[in-house]
Amino acid sequence: MHRLLLSQTTSVTRPLLVPLKHLSFRSYASASASAPGGRPVHDFTKILIANRGEIACRVMRTARAKGVKTVAVYSEADKNSLHVAMADEARLIGPPPAKESYLLGERIIQVAKETGAQAIHPGYGFLSENAEFAQQVEKSGLTFIGPPASAIRAMGSKSASKDIMIDAKVPTIPGYHGEDQTIATLQKEADKMGYPVIIKAVLGGGGKGMKIVERTEDLEEQVSSAIREAQSSFGDSRVLIEKYLRHPRHVEVQVFGDKHGNYVYLFERDCSVQRRHQKVIEEAPAPGLSQELREKLGNTAVAAARAVGYVGAGTVEFIMDQDGTFYFMEMNTRLQVEHPITEMVTGQDLVDWQLQVAAGHALPKQQKDLKLNGHSFEARIY
């Protein structure tokens, strides 16, 4: 048996780099001038990347291969960073703290307009899942290379998204996500579903505000702790309670939608190896799945995306029991850190797909055209 040893230090993510020569993408020079139904297509000649580091460089590599010019933004601390050197243009937007630079949506939009960029790619992190920013970008006359603000809002709340999924007949794990947040109600609901249960922040992520409760007598203390963490981390104290699966798998599905109502899934990634609810190893495809289960997962993920009118790259996360039963957890409304391993096993450039879809093109491939080839892993170093 092989063992992966990780040092417990500051988290550093080093995504795998996929050589573009191994990926399939369409040059804008040969792209059509209209999409299905006669809808106009407005291909980009210049985009701004509202991010830094590896993801900014990743977007630039595809943009350069397609003949699209790029604009980088940077804080004073990043003036010598690789993404600044790689871009066709770079603009300083503020001092090192993110809240004074990379989180300044209005300033970033201003730079995009000053430099003649037609669209903004948010990368991941920072403003990538900020519905207000996505809306501001569109209102300014630019294109947000991501989902509509309405989809970001719908999937940004764990409780609201579960209501949507229930209506869409997407399986959700048994639990309580109601508005009554009194201890008495939370205790009653937890006792009803049986222990163990897990408490989550309604607007949570990254394991913050997450507590596992084994006994009814421990619930009140853990709820109070979760509420404090939720308020501190997300500015919202609401929590939800779900039945806790003791030995689950964490399997996520890469989905894509376009502006013409087309959807596909690009198969799944297994993210079950975690440390403190943070992913450590991602694997594509997930091992041990039958073809029937793989298709069921993919089709369910597409149903989730369709339910919110999703456009662009998204990831639908499921928790899977040992018998193969799976339940919706959440949807990440952006390109994931681990997207390169999906690119490796499908041969598709997902950033290119993002650019094409944002410009108004139909999806480059139909579901029947997508095939798995090989196996890939990504490791996060802690």
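Residues take numbers from 1 onward in each chain, read along the sequence in its written order. Note on the predicted model: pLDDT of at least 70 is required for a residue's local features to be given, and 80 or more for side-chain atom pairs to be given and counted; whole-chain, interface and lining totals, by contrast, use all residues. Water and hydrogen atoms play no part in the side-chain values, which are based on all heavy atoms of the structure.

(A) Region of interest: the overall build of the protein chain. A run of H or I in DSSP becomes a helix once it reaches four residues, and a run of E becomes a strand once it reaches two; helices and strands are each numbered from the N terminus. Across its full length, the protein chain carries 11 helices and 15 strands. Only protein chains enter the accessibility calculation, which uses a 1.4 Å probe; a residue whose area is less than 20% of its type maximum is buried, one above 50% is exposed, and one in between is partly exposed. Taken across its 382 residues, the protein chain has 53% of its residues classed as buried. Sequence-distant contacts in the protein chain: of pairs separated by 6 or more residues, those separated by 24 or more amount to 65%. Per-residue and other accessible areas were derived by the Shrake-Rupley procedure at a 1.4 Å probe size, with only the shown protein chains allowed to occlude residues. Element-wise, carbon and sulfur atoms account for 50% of the exposed surface of the protein chain, whose accessible area totals about 17,000 Å². Contacts are assigned to residue pairs with any non-hydrogen atoms lying within 4.5 Å of each other.

(B) Expanded view of the pairing of strand β10 (residues 249-257). A large share of β10 lies buried, amounting to 8 of its 9 residues. As judged from the 9 bridges shared by β10 and strand β13 (residues 312-320), these two strands associate in the antiparallel manner. Counted as the bridge partner of Val255 is Gly314 from β13. Relative to strand β11 (residues 263-275), β10 runs antiparallel, the two sharing 6 bridges. What sits directly across from Val253, in β11, is Glu268. Connecting β10 to the next strand, β11, in antiparallel fashion are 5 residues, including Gly261 with a positive phi near 85°. We treat two strands as partners when DSSP finds at least two bridges between them.

(C) Region of interest: the sheet that holds strand β14 (residues 326-332). Taken in spatial order, the 6 strands make up an open sheet running β14-β13-β10-β11-β12-β15, and their pairing is antiparallel. Strands at the two margins of the open sheet, each flanked by one partner only, are β14 and β15 (376-379). The sheet shows a mean angle of 30° between the axes of neighbouring strands, taken without regard to direction. Sheet topology places β13 next to β14; 6 bridges connect them, and they run antiparallel. When the sheet's bridge partners are listed, Val316 is paired in β14 with Met331. For helices, the axis comes from a line fit to the C-alpha atoms of the stretch in contact; other axes are also lines fit to C-alpha atoms, and the angle between any two N-to-C directions lies between 0 and 180 degrees.

(D) Looking closely at the sheet that holds strand β3 (residues 89-94). Strand order in the open sheet made by the 5 strands is β3-β2-β1-β4-β5, with parallel pairing throughout. What marks the edges here is a single partner per strand, and that holds for β3 and β5 (143-144). Bridge analysis of strand β4 (residues 119-121) against β5 gives 2 bridges, and the strand direction is parallel. Considered in β5, the bridge of Ala119 is made with Thr143. Across the sheet, helix α3 (residues 105-115) is in contact with β1 (46-49), β2 (69-75), β3 and β4; its angle to β3 comes to roughly 150°.

(E) Representation of the packing of α3 against helix α4 (residues 131-139) within the structure. In the contact formed by α3 and α4, the axes pass within 10 Å of each other and the chain directions differ by 30°. Taken together, α3 and α4 sit at an angle that is classed as roughly parallel. As α3 packs across α4, the resulting crossing turns out to be right-handed. Only Phe133, Gln136 and Val137 of α4 make contact with α3, whose side of the interface consists of Gly105, Glu106, Ile108 and Ile109. For the contact of α3 with α4, the residue count by class is 4 nonpolar, 2 polar and 1 charged. Note on terminology: angles under 35 degrees are roughly parallel, angles over 145 are roughly antiparallel, angles of 65 to 115 are roughly perpendicular, and the others are oblique. What makes a crossing left-handed is the near helix being turned counterclockwise from the far one by less than a right angle; a clockwise turn instead makes it right-handed. Each residue gets one of three labels, nonpolar for Ala, Val, Leu, Ile, Met, Phe, Trp, Tyr, Cys and Pro, charged for Asp, Glu, Lys and Arg, and polar for the others, Gly among them.

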